[in-house]
Amino acid sequence: MPDYDVAVIGSGFAGSAATLSFLETTERAGRVGSVALIEAGKKGVWPGASRWTTPFLRLKHDNTLSRDRVGRVGQEDRPVPSDLDYWRRLEDEVPDTVGFMQDHGVKLVHRDEENAALDFEGQHYAYPVGGGKEILDNYLIRIAKYRTADVFYGREAIELTLDGEGRVNGIVVREPDGQQRAITADTVVLACGGFEGNPEMLTRHLGQDAADLPIISPGVKYNRGSGIRMATEIGAGTAGQFDMVHAELVDARARKVHAVIWGQNYGIVVNESCDRFHDEGEDYLFASTELIAYDTWRHQNQKSYFITDKTVMERFEGSWVYETTDKPPERSDTIAGLAEKLGLDPTKLEATVSEFNAACGPGDWDPVEMDGKKTSGITPPKSNWANPIVEAPFSGFPMTAHLKFTFGGLKVDADGRVLDTNEAPIPGLYAAGEITGHFYHKHPPATSVLRSNTFGRIVGAKIAESLPETAAAPG
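All values reported here derive from a predicted model rather than from experimental measurement.

With respect to the environment of Gly105
Of note, Gly105 is situated in the loop between helix H3 (84-103) and strand S3 (108-112). For the pair Gly105 and Ala239, spaced 134 residues apart in sequence, the C-alpha separation works out to 34 Å. Ignoring any residue separated from it by four or fewer positions in sequence, one finds Gly105 in contact with Asn138 and Arg142.

Some details on the pairing of strand S6 (residues 156-162)
As paired elements, S6 and strand S7 (residues 168-174) share six bridges and run antiparallel to each other. Directly across from Glu156, in S7, lies its bridge partner Arg174.

Let's talk about the nonpolar core
The biggest cluster of nonpolar side chains holds 119 residues, and the ones touching the most others in it are Ile171, Leu190, Tyr266 and Tyr322. Formed by 19 residues, the second largest nonpolar core is a distinct cluster that contains Ile307, Ala339, Cys360 and Ile389.

Here we look at the packing of aromatic side chains
For the structure on display, the rule yields 25 aromatic pairs. Pairing Tyr86 with Phe455 gives two aromatic rings, centres 4.2 Å apart and planes at 10 degrees, and the pair type is stacked. Of this pair, Tyr86 sits in helix H3 while Phe455 sits in helix H11 (residues 448-465), and the two are 369 residues apart along the sequence. Classification of Tyr86 as buried rests on a relative accessible area of 1%. Between Phe195 and Phe242, the ring centres sit 5.9 Å apart and the planes meet at 10 degrees, which makes this aromatic pair stacked. Remark: Phe242 occurs in the loop between strand S9 (238-239) and strand S10 (245-251) and Phe195 occurs in the loop between strand S8 (180-190) and helix H5 (199-206); sequence separation between them is 47 residues. The class of Phe242 is buried, set by a relative accessible area of 16%. Taken together, the aromatic side chains of Phe56, Phe120, Tyr125, Tyr127, Trp262, Phe286 and Trp320 make up a single cluster linked through ring pairs. Seen from the ring of Phe152, Arg181 lies directly overhead, with NZ or CZ sitting 5.3 Å from the centre.

About the criteria used
Residues numbered from 1 in each chain as written. Predicted model: local features only at pLDDT ≥ 70, side-chain atom pairs only at ≥ 80, totals over all residues. Heavy atoms only, no water. Helix = DSSP H or I, 4+ residues; strand = E, 2+ residues; numbered from the N terminus. Contact = heavy atoms within 4.5 Å. Pairing = 2+ DSSP bridges. Core = buried A, V, L, I, M, F, W, Y, C linked by side-chain atoms within 4.5 Å. Buried < 20%, exposed > 50% of the residue type's maximum accessible area, 1.4 Å probe, protein only. Phe/Tyr/Trp six-rings, centres within 6.5 Å; stacked < 30°, edge-to-face > 60°. Lys NZ or Arg CZ within 6 Å of the ring centre and 35° of its normal.

Right, dumping it as structure tokens:
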């Protein structure tokens with residue numbers, strides 16, 4: 001008899017949701033299910049990204065997923081399309097996921113965004129009170145009430161074990177004292193994130209200097225790609241773009257975690273030579289930040305500077321767009337003075353701003369819509385929101401790119417079963433969260449928390465429903 005019915009690797013959104021969903025589904029069926037929740041991080045620390053995030057949720061007023069997301073997936077993910085079945089399943093399941101979160105004490109705030117152009121239906125989104133930490137704390141409090149659930153901290157999963165027919169039947173972990181221990185289980189769920197904290201994998205997939213890319217949350221260092229490695233060692237297939245990441249632009253002066261600067265759409269971004277290098281208006285706010293962040297790391301020596309004026313800063317005063325950082329923007333009544341405060345060449349920055357202003361075309365500036373107000377005659381162009389930077393005081397932020405999560409991961413079906421290289425399910429193996437690969441070229445904004453909670457919940461319930469009538473006792 002195995003030690004547990006299920007071993008879940010990783011205690012973030014996906015792993016905790018899978019654990020709790022499994023326990024509650026078996027309980028409702030009048031059965032007893034046992035689970036080991038295994039976490040590489042030490043107890044009391046915040047491993048992974050889940051607890052650190054202040055998540056935006058791509059929800060409408062009725063707690064359904066914005067339908068425009070699924071419609072855009074196939075168009076954006078060129079030339080390799082995402083798994084549309086996965087995204088349609090997410091769309092169908094999100095209302096139940098929100099209910100699951102709320103049933104476990106998570107409170108959501110709904111908001112209409114009146115200032116910035118978001119790629120969300122109706123300019124509407126939601127966020128949980130207390131952020132990601134509140135979600136996980138509520139889950140773990142409830143998991144702790146089950147005597148058949150054991151949570152192991154400081155154990156790193158190092159190997160999947162198989163029976164004679166190739167079914168996954170457990171996991172080998174390294175204990176805090178360095179010794180190895182085999183934990184047997186009928187089913188294993190991998191929910192231990194991508195490879196953000198693994199310099200070797202980053203270098204192998206992203207290339208030179210990838211190991212120098214800072215992580216946005218300290219807990220991400222525990223995302224070492226072990227789940228991807230273990231699964232591929234037994235023949236799992238992969239999906240997603242391994243040489244692409246989701247990065248965000250962080251205030252280079254900030255001391256707080258996650259001091260992200262958004263809204264580069266509403267000004268210009270220059271490199272340390274004072275040259276513009278990206279079309280700041282090519283997409284909506286979140287997508288633009290991601291693309292400019294990647295460009296900053298890959299091509300601009302990890303240094304970029306956002307420049308704007310009074311018109312923009314007054315509109316967004318008191319907003320999350322520029323006030324996530326713990327530092328006020330650098331300000332000056334002249335572009336040359338702003339350049340000096342940012343450590344840039346005053347003459348060069350003045351020339352870049354003047355060239356941009358002269359290239360701004362006619363039309364009304366509308367920060368909430370793709371306004372078509374563009375530049376002409378300069379490279380790179382600005383496709384929307386090309387408003388001249390003319391009204392003092394001028395403001396600027398020095399920025400650097402921080403890694404949030406990797407795109408490449410395991411190939412799974414819409415039930416979270418890990419597929420092999422011939423796309424057949426590997427018996428006894430599931431995966432959920434950011435360890436699964438779905439993204440190419442762009443990350444769909446405000447979906448990560450929803451998909452991790454959704455597919456964690458789905459996986460936990462699916463495993464519970466497949467349990468035999470007599471469930472295993474806890475180890």
